[in-house]
Amino acid sequence: MSDAPVITPALAADIAPVMVVMNEAFDPAFGEAWSAGQCLGILGLPGVWMVLATVGEDPAGFALCRIVLDEAELLLIGVRPAFRRIGLGRSLLANVEQTAKARGAACLHLEVRDGNPAIELYRHHGFAETGRRKDYYRGREGRIFDALSLSLSFAVQNASNMES
Ligand SMILES: CC(C)(COP(=O)(O)OP(=O)(O)OC[C@H]1O[C@@H](n2cnc3c(N)ncnc32)[C@H](O)[C@@H]1OP(=O)(O)O)[C@@H](O)C(=O)NCCC(=O)NCCS
C-alpha cells in the first residue's frame, strides 16, 4: 500500500464508495451501519457534511457529520479493515475537527457503543466522557448496549494547548 491517503469532501454522488466502506467497516452484530438511503436523506439537510478517504483508487474510510448552531456532531466514522491502524481514523477525525471549527463549532460531540475500540481513538484525540445512555443500541439477537456520549470542547483544547 504505497499511496498516501487523501481525504476529500463527499457528496451524494459519492455514496457508492462510501457504502463500500460502510458495509465493510461496521460489524453487522451491532446494527450500526446506515443504509445508502439514510445517508442520502441526512446529506440533504442543512449543516450536514461527509468526507471520503481514498488510498489510490480504493475507498478506505469516511466520516459523516453535522453542525447545529455552534455544536458539531460526528455521526459516523468508519475505516475498512484492510486500511486500519495506519492513522486513517485519526486523520479523518482531524479533518472533521478542522471543518467543524471552520464552520463555527465550539465543540464536537459523538455517541459510541460502550466497548467499541473506537473509544481509544476518541480518548487519544482529547474527547471526554459527558454521559451514558443506558440500553441505547440494539444489536443482533436482541443484544443491548449502552451508548457513551463524548465531547471535545475546542475552548478547553485551546486552553490546554496554551498551557503546554
Ligand atoms: C474506529 C476506526 C474508525 C479506527 O480507524 P483506524 O484508521 O484504524 O484508526 P487509527 O489507525 O487512526 O488509530 C489511531 C489510534 O486510535 C486507537 N485505536 C484505533 N483502533 C483501535 C482498536 N481497534 N483498538 C485499540 N485502539 C485503537 C489507537 O490508539 C490508534 O493508535 P495506534 O495505532 O498508534 O495505537 C475503525 O476501527 C473502524 O472503522 N471501526 C468500525 C466502525 C466504528 O465502530 N466506528 C465508530 C463508531 S461510528
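Below, the structure is looked at part by part.

Rules behind the numbers
Residues numbered from 1 in each chain as written. Predicted model: local features only at pLDDT ≥ 70, side-chain atom pairs only at ≥ 80, totals over all residues. Heavy atoms only, no water. Near = heavy atom within 4 Å. Polar contact = N/O pair within 3.5 Å; in protein donor to acceptor, adjacent residues only side chain to side chain. Areas by Shrake-Rupley, 256 points an atom, 1.4 Å probe, with all protein chains shown as cover. 1 Å grid on protein atoms, 1.4 Å probe; cavity = no way out; pocket = protein on both sides within 12 Å on 5 of 7 lines; lining within 4 Å. Sits in = over half its atoms within 2 Å of the grid points. Helix = DSSP H or I, 4+ residues; strand = E, 2+ residues; numbered from the N terminus. Pairing = 2+ DSSP bridges. Axes fitted to C-alpha atoms, helices over the stretch in contact; angles between N-to-C directions. Contact = heavy atoms within 4.5 Å.

Remarks on the site of the ligand
Close to the ligand lie 20 residues; Ile-77, Val-79, Gly-89, Arg-90 and Asn-116 are nearest. Within the backbone of Val-79, a nitrogen or oxygen atom sits 2.7 Å from an oxygen atom of the ligand. Between His-124 and the ligand, the recorded distance is 2.9 Å, taken from a side-chain N or O atom to an oxygen atom. Contact with the protein chains covers 80% of the free accessible surface of the ligand, which is 910 Å². Spatially, the ligand is embedded in the largest pocket. Among the elements of the structure, β4 (71-79), α3 (88-102) and α4 (118-125) are those that each provide at least two residues to the shell around the ligand.

Observations concerning the sheet that holds strand β1 (residues 5-10)
If you trace the 7 strands from one edge of the open sheet to the other, you get β1-β2-β3-β4-β5-β7-β6, paired in mixed fashion. Where the open sheet ends on each side, the last strands, each with one partner, are β1 and β6 (128-138). The mean angle between the axes of side-by-side strands here comes to 25°, regardless of whether they run parallel or antiparallel. Inspection of the sheet shows β1 paired to strand β2 (residues 48-55) by 6 bridges, in the antiparallel sense. Each bridged residue has a counterpart across the sheet, and for Ala-10 the counterpart in β2 is Met-50. The strands that helix α5 (residues 154-163) touches are β5 (107-113) and β7 (144-153); relative to β7, the one it contacts most, it runs at about 55°.

Honestly, it's all geometry; don't read function into it.
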